[in-house]
Amino acid sequence: MHEIHKENYLDIAIFHHMDINLYPLFIAVYEQKSISKAAQVLCISQSAASHALQRLRLHLKNELFIRSGARMRPTPFAEQIYLPVKHALLALQGISVLQHQNFDAGMVHNLKIAIHDEIEPLIFPKLIHHFQKLNSDIEFLSSKLDRKMIISDLATQQTDFVIDLEQDFGQKLCNKRLVEDRFVVCTQLPEMSKELYFSAQHIGVSSRRSGVLLEDIYLNRQELVRKIFLRCQHYSTALQVLEQSDQFILTIPKNILDNLHYSKQVQVYELPFELPALNLAMYWHKDLDKNIRHQFLRNEIFNLFS
């Protein structure tokens, strides 16, 4: 009984010499493996971050991090305290959340979304119009989607949300479907059939230099192959090229096509075969799943696109 009491005893005196503001820096350096990147996450100078880390080292009597090349490697002690410190900070964050249950749009100052530039016109005009109706004073940032950095950028709140095709980014991210879409066919051909589709020359669109296009991944699974004579970066370019010949074909998501201008010569057909639906999802880091700001933004965005 005495041991249980001892484990739950709070020694107030310890906190007289503790600066709790140093611990978010510890978490940021641990996760970023860099003092300069941690400083960016916390919106402080690198000099301030270095001085704060030195104070924490003196307080805990441990180096915490050792430089190895361009990275900061945690000491065994830092490895040991990382999860307890993060859980403690999350608990304190939860208390702060309870103080702001009546959250409203005026409490949001910025909204940062990473998104593919072809999808951006489907999302941002509608998004901005919605929040303007709420009389909110929000700064919006749309950044180029980099799938290699998704988990890191969401964890460090470099971006609030990622909007991308539905896929598995691992257990650290939460997601919910936002928009349903499908491929359609654009061409000047007066009709469309499976035979015409695979005998024609195609325009492929991708921001990547190489790699198989999404629609070709689906086609390959059905042991189907098409002839791509042009691979370009934007659907608007593809539509202009499409107007130059009545022999070319462009396969394009319907929602993207609806937001682009194209000639009256161009016909739009349903695919003459089956391809999976194109579903866009919104992703966020699981550590922010119960964050009240995130919950407010998610609810507004999901309701907007539902």
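Where an unreviewed UniProt entry is consulted, the chain appears under the name Transcriptional regulator, LysR family, with the organism given as Acinetobacter radioresistens SK82. On record in UniProt, under Sequence similarities (unreviewed entry), the comment for the chain is "Belongs to the LysR transcriptional regulatory family."

Peer 1: Which residues make up the pairing of strand S7 (residues 183–187), and what are the values?
Peer 2: Most of S7 sits out of view: five of its five residues are buried. One ladder, built from five bridges, connects S7 with strand S10 (residues 248–253); its direction is antiparallel. Following the sheet pairing, Phe183 is matched in S10 by Pro253. Where S7 meets strand S11 (residues 267–270), four bridges bridge the pair, whose relative direction is antiparallel. From the neighbouring strand, Val185 faces S11, where its bridge partner is Tyr269.

Peer 1: Describe in detail the pattern of salt bridges, supporting the description with residues and values.
Peer 2: Side chains that differ in charge, positive against negative, can pair when their charged atoms come close. All told, the structure shown has 12 salt bridges when counted by the stated rule. Residue Lys86 is joined to Asp287 by a salt bridge in which the shortest nitrogen-to-oxygen separation is 2.8 Å. In this pair, Lys86 sits in helix H6 (residues 76–98) while Asp287 sits in the loop between strand S12 (278–285) and helix H13 (292–305), placing the two residues 201 residues apart along the sequence. The salt bridge partner of Arg298 is Asp289, with a shortest N-O separation of 3.5 Å. Residue classification places Arg298 among the buried positions, given a relative accessible area of 7%. The class for Asp289 is partly exposed, based on a relative accessible area of 27%. One network of salt bridges, in which partners are shared, links Glu31, Lys86 and Asp287.

Peer 1: Any chance you could break down the sheet that holds strand S3 (residues 110–115) for me, citing the residues and the numbers?
Peer 2: Here five strands make up an open sheet; going across it, the order is S4-S3-S5-S12-S6 and the pairing mixed. Among the strands making up the open sheet, the edge pair consists of strand S4 (139–144) and strand S6 (173–181). Ignoring which end each strand starts from, the neighbouring axes of this sheet average 25° apart. Relative to S4, S3 runs parallel, the two being bridged by six bridges. Within S4, the position partnered with Ile113 by the bridge is Ser142. Packing against the sheet, H13 makes contact with S3, strand S5 (161–165), S6 and S12, and its axis sits at approximately 170° to S12.

Peer 1: Can you tell me about unusual backbone geometry, naming the residues and giving the values?
Peer 2: In the Ramachandran plot, Lys61 falls in the positive-phi region, its phi being about 55° despite a non-glycine side chain. Secondary-structure assignment places Lys61 in the loop between helix H5 (46–60) and strand S1 (65–68). Its relative accessible area of 73% is what places Lys61 among the exposed residues. Phi at Glu223 is positive, roughly 60°, even though this residue is not glycine. Tracing the chain through its elements places Glu223 in the loop between helix H10 (214–221) and strand S9 (227–232). Using a relative accessible area of 75% as the deciding quantity, one classes Glu223 as exposed.

Conventions adopted
Residues numbered from 1 in each chain as written. Predicted model: local features only at pLDDT ≥ 70, side-chain atom pairs only at ≥ 80, totals over all residues. Heavy atoms only, no water. UniProt positions renumbered as here; feature names shortened; annotations may be inferred. Buried < 20%, exposed > 50% of the residue type's maximum accessible area, 1.4 Å probe, protein only. Helix = DSSP H or I, 4+ residues; strand = E, 2+ residues; numbered from the N terminus. Pairing = 2+ DSSP bridges. Salt bridge = Lys/Arg side-chain N within 4 Å of Asp/Glu carboxyl O. Axes fitted to C-alpha atoms, helices over the stretch in contact; angles between N-to-C directions. Contact = heavy atoms within 4.5 Å.

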